[in-house]
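Residues per chain are reported as follows:
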Amino acid sequence: MNRFLNKNDRKPLYFLPHIRVSYFLLPLLLILFWYGISSINESTLSRQQESLETALNRDIIHCYAVEGFYPPSLNYIEEHYGLVYDKDLFFVDYQPIGSNLHPDVTILVKQ
C-alpha cells in the first residue's frame, strides 16, 4: 500500500509517536536529574556542618582537658589545635563566657 503513496503524502518523522514521547521524556529526565543533584548537595552540606560542630566541640574539650581553661577565641583553636573549615561556606560565632565555662558556639551556613 505504501508504494502507491506520493512522497508528499507521507508524514514527517516528528509526527511518529515514539519521537513525540521523547520530547516529553527528555525534559522530565533532566528535571529528575537536577532534583537528585540538589538533594545530594543539601545532604552533603548538612554533613559538613555536623562534622564542623563535632570537630569544634572536640577541640574545645581537648583544650580544657590539656590546658585547664576553655579557648579564649576561635583563632586560638585554629592556631593551637589545627581547626580548619571553609570560611566562605560557614560562619562560626564563638562567644567565650569564662575560662571555666563552656563557650557558646553557633555555626551558620552562608547562602
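Residues numbered from 1 in each chain as written. Predicted model: local features only at pLDDT ≥ 70, side-chain atom pairs only at ≥ 80, totals over all residues. Heavy atoms only, no water.

### Concerning the overall build of the protein
A count of helical and extended segments in the protein gives two helices and two strands. If you list the helices and strands of the protein from N to C, you get α-α-β-β. Of all 111 residues assigned to the protein, the portion counted as buried reaches 20%. Contacts in the protein between residues far apart in sequence, at least 24 positions, make up 37% of those at least 6 positions apart. As presented, the protein carries roughly 9100 Å² of accessible surface, and 60% of it is formed by carbon and sulfur atoms. (Helix = DSSP H or I, 4+ residues; strand = E, 2+ residues; numbered from the N terminus. Buried < 20%, exposed > 50% of the residue type's maximum accessible area, 1.4 Å probe, protein only. Contact = heavy atoms within 4.5 Å. Areas by Shrake-Rupley, 256 points an atom, 1.4 Å probe, with all protein chains shown as cover.)

### A look at the packing of aromatic side chains
Centre-to-centre distance and the angle between the planes together describe a pair of aromatic rings. Under the criterion given, the structure shown has two aromatic pairs. Relative to Tyr76, the ring of Phe69 lies with its centre 6.3 Å away and its plane at 50 degrees, an arrangement referred to as tilted. (Phe/Tyr/Trp six-rings, centres within 6.5 Å; stacked < 30°, edge-to-face > 60°.)

### Describing the confidence of the model for the protein
Per-residue confidence for the protein gives a mean pLDDT of 85; residues scoring 70 or more make up 81%. The secondary-structure element of the protein with the lowest mean pLDDT is helix α1 (residues 17–67), recorded at 87, while strand β1 (residues 90–95) shows the highest, at 96. (pLDDT = per-residue confidence, 0-100.)

### A word on the nonpolar core
Counting residues in hydrophobic clusters, the biggest one holds 17 residues, and the most contacted among them are Leu52, Leu56, Leu74, Ile77, Leu83, Tyr85 and Val92. Mapped onto this core, the elements with two or more residues apiece are α1, α2 (74–81) and β1. Examining the composition of this core, we find that six residues originate from one element, α1, more than from any other. For Val92, the residues in contact, after removing those within four places along its chain, are Leu52, Leu56, Leu74, Tyr85, Val105, Thr106 and Ile107. (Core = buried A, V, L, I, M, F, W, Y, C linked by side-chain atoms within 4.5 Å.)

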